[in-house]
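A closer look at the structure
The chain contents come next:
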Amino acid sequence: MDRSDICEVLHFIDGERVPSADGATLDNFEPATGESLGTIAAGGAVEVDRATAAATRALPGWSDQSAEYRGAWLEKLADAIEQRLDDFAWAESVDNGKPIGAARTIDIPRAAANLRFFAGAARFQHQDAHRSRMAGEDLWNVTICKPVGVSGCISPWNLPLYLFTWKIAPALAAGCTVVAKPSEVTPVTADLLAQVAQEVGFPAGVLNIVHGLGPAAGAAIVGHPGIPAITFTGGTATGAAIASQAAPLFKKTLLELGGKNPTVVFADADLDAAVEGATAAAFSNQGQICLCGSRILVERSILQSFTSRLVEKAQEMTIGDPLDDSTQLGSLVSASHREKVEACLQLAREEGGEILCGGQRVAPDGRCSEGYFLSPAVVTGLGPATRTNQEEIFGPVATVIPFDDEAEAIEIANGVRYGLAASIWTRDVDRALRVSEKIEAGTVWVNCWMKRDLRTVFGGVKESGLGREGGSDSLKFFQEPTNICIRFDSKGPGSSDE
Ligand code: NAD
């Protein structure tokens, strides 16, 4: 596979890869070099209308099938992704700027795993039945779950295929057909998935992909009367815009939004593990993961030793060509995003913070000299209420904040408008549980970070989101339950008036 294979990203509508009706395109760039990668079809209301019509036509034929039938199709997509693992990993790395090692071992395997997981989860989904006796009548309540219909799936750029499949897999497994929009910043692997779907003969119209800008293609999905459910992962401000567009239309909405997650390090922690974990949490994927621990809260007695080791670790990270297997930190996703992160660092300085390391533009030798690289930054000296410690930066920037006791750690951890995730480092099991229960977040990791079992619930509180994904929660979002209450004339066994 080479650049010519990814130079034209097209919509996938009714089983065909097609350009926009008016031929409109957007430019796509490789962040590690700044060079053009080609064009992206720029969709809007017309393409979303066509995709929705195709998904509506395909819905009865897909939703009436068994979970086994649908699961087999998802497994075929997963097989095809795995067979082309190197192509997908290369394309993800080129399109996003992330290290190819991460794409090969995390992003793409997880995309295949998402499809396989929900293929299986739908097969094993149970439905509730409750038997009741009322005034001598024998009543059986059977709750059936029906696919909600055509579902809109909108995903961000940081984990492109990983999060795209995290949304479409449960939708398809639950019996819905899909109109999906990947980020316009990283559309390439979704287009490769469309090609793979064509190759395996995936039923036409079941999965449709419309590319384009959020306010055009995305808003057209959210506003379309033929799409009753919207699942979105992205920024909090976009989530608010989607919620206000969808609410008067009474659409089901699931929102996975931003974070400002605390890593809380107590003095009794295994320091080697905590430094390792805090570094990974702060800088993985160039700090561009919603779950990144961007505020590192450290018990004052170990502040000096912990911070100097953190700085050492950050400085040791290998920044370079994302296509080089030894690279640990690739490029930020775009020129404008790097500028945004640099503006946050400037604000940190203005607020009185000290940048202990990093925050510098880096120009790796060779083909990446014009890429959007930034060295990982550790910032100290800022109070918890500063904007730097309140606002999501979404780049390789972590702040260190001291605390004196457990109560203060919890207060600082919770003192932001977000509540997505936290990690706690301590050897004291009682404390781990006490603090975990008090932290306002959808996920708390203890002595680890970003370990995900796909069966577990995932999501945010406060401004980090609305609703939950993961396991049966994902499937349920794409279903509407109907309770059927049946009265039987015969009195069954165990009845009190037998
Ligand atoms: P973004 O909100 O800018 O874009 C996300 C998607 O929404 C893109 O596909 C975009 O085109 C689309 N979009 C933009 N405006 C829209 C509109 N008005 N209507 C419909 N769709 C619209 O987010 P991003 O910059 O791509 O991603 C980074 C953000 O995502 C960060 O805030 C990060 O924390 C968050 N994120 C959250 C999670 C989570 O699980 N909670 C996971 C990954 C990323």
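Residues numbered from 1 in each chain as written. Predicted model: local features only at pLDDT ≥ 70, side-chain atom pairs only at ≥ 80, totals over all residues. Heavy atoms only, no water.

**Re helix α9 (residues 271-283)**
Owing to its 3.6 residues per turn, the α-helix brings residues three or four apart onto one side. Over its 13 residues, α9 extends 18 Å from the first C-alpha to the last, a length consistent with the 18 Å expected when each residue adds 1.5 Å. The inward-facing, buried residues of α9 abut β13 (261-265), β14 (293-299), α10 (303-316), β18 (377-380), β19 (397-403) and β21 (421-425). Among the residues of α9, the N-terminal cap falls to Asp 270, whose side-chain oxygen and the backbone nitrogen of Asp 272 are separated by 3.2 Å. Taken from the residues just after α9, Asn 285 is the one with a positive phi, measuring 55 degrees. (Helix = DSSP H or I, 4+ residues; strand = E, 2+ residues; numbered from the N terminus. Expected span 1.5 Å × (residues − 1). Contact = heavy atoms within 4.5 Å. Polar contact = N/O pair within 3.5 Å; in protein donor to acceptor, adjacent residues only side chain to side chain.)

**Comments concerning the packing of helix α5 (residues 160-173) against helix α6 (residues 188-200)**
Closest axis-to-axis distance for the α5/α6 pair is 8 Å, and the angle between their directions is 55 degrees. One element, α5, and the other, α6, form an angle in the oblique class. The way α5 lies across α6 gives a crossing that is right-handed. Residue-level inspection shows Pro 160, Leu 161, Phe 164, Thr 165 and Ile 168 of α5 in contact with α6, the latter providing Thr 189, Ala 190 and Leu 193. Residue classes in the contact of α5 with α6 are distributed as 6 nonpolar, 2 polar and no charged. (Axes fitted to C-alpha atoms, helices over the stretch in contact; angles between N-to-C directions. Parallel < 35°, antiparallel > 145°, perpendicular 65-115°, else oblique. Left-handed = near helix turned anticlockwise from the far one by under 90°. Nonpolar A, V, L, I, M, F, W, Y, C, P; charged D, E, K, R; others polar.)

**Details of the site of the ligand**
In the vicinity of the ligand lie 27 residues, with Lys 181, Glu 184, Thr 238, Leu 257 and Glu 392 positioned nearest. In this structure, an oxygen atom belonging to the ligand sits 2.6 Å away from a side-chain N or O atom of Glu 184. Between Gly 214 and the ligand, the recorded distance is 3.4 Å, taken from a backbone N or O atom to an oxygen atom. When the free accessible area of the ligand is taken as 850 Å², the share hidden by the protein chains comes to 88%. At 3 residues, helix α7 (residues 214-223) tops the list of elements feeding residues into the shell around the ligand. For the shell around the ligand, a count of residues per class yields 13 nonpolar, 10 polar and 4 charged. If you count residues domain by domain, the shell around the ligand takes at least three from each of domain 1 (3-257 + 464-483) and domain 2 (262-446). (Near = heavy atom within 4 Å. Areas by Shrake-Rupley, 256 points an atom, 1.4 Å probe, with all protein chains shown as cover. Domains from an automatic or database assignment.)

**Comments concerning α5**
Its 14 residues give α5 an end-to-end C-alpha distance of 20 Å, which sits within 8% of 20 Å, the value for a rise of 1.5 Å per residue. Most of α5 sits out of view: 14 of its 14 residues are buried. A positive phi of about 100 degrees marks Gly 175, the residue just after α5. (Buried < 20%, exposed > 50% of the residue type's maximum accessible area, 1.4 Å probe, protein only.)

**Here we look at a nonpolar patch on the surface**
A cluster of nonpolar residues, Trp 140, Ile 484, Ile 486 and Phe 488, forms a patch on the protein surface that exposes about 320 Å² of accessible area. With 3 residues, strand β25 (residues 479-488) is the single largest residue contributor to the nonpolar patch. Secondary-structure assignment places Phe 488 in strand β25. Residue classification places Phe 488 among the partly exposed positions, given a relative accessible area of 38%. (Patch = residues over 30% accessible without salt bridge, like charges linked within 9 Å, V, L, I, M, F, W, Y side chains within 5 Å. Salt bridge = Lys/Arg side-chain N within 4 Å of Asp/Glu carboxyl O.)

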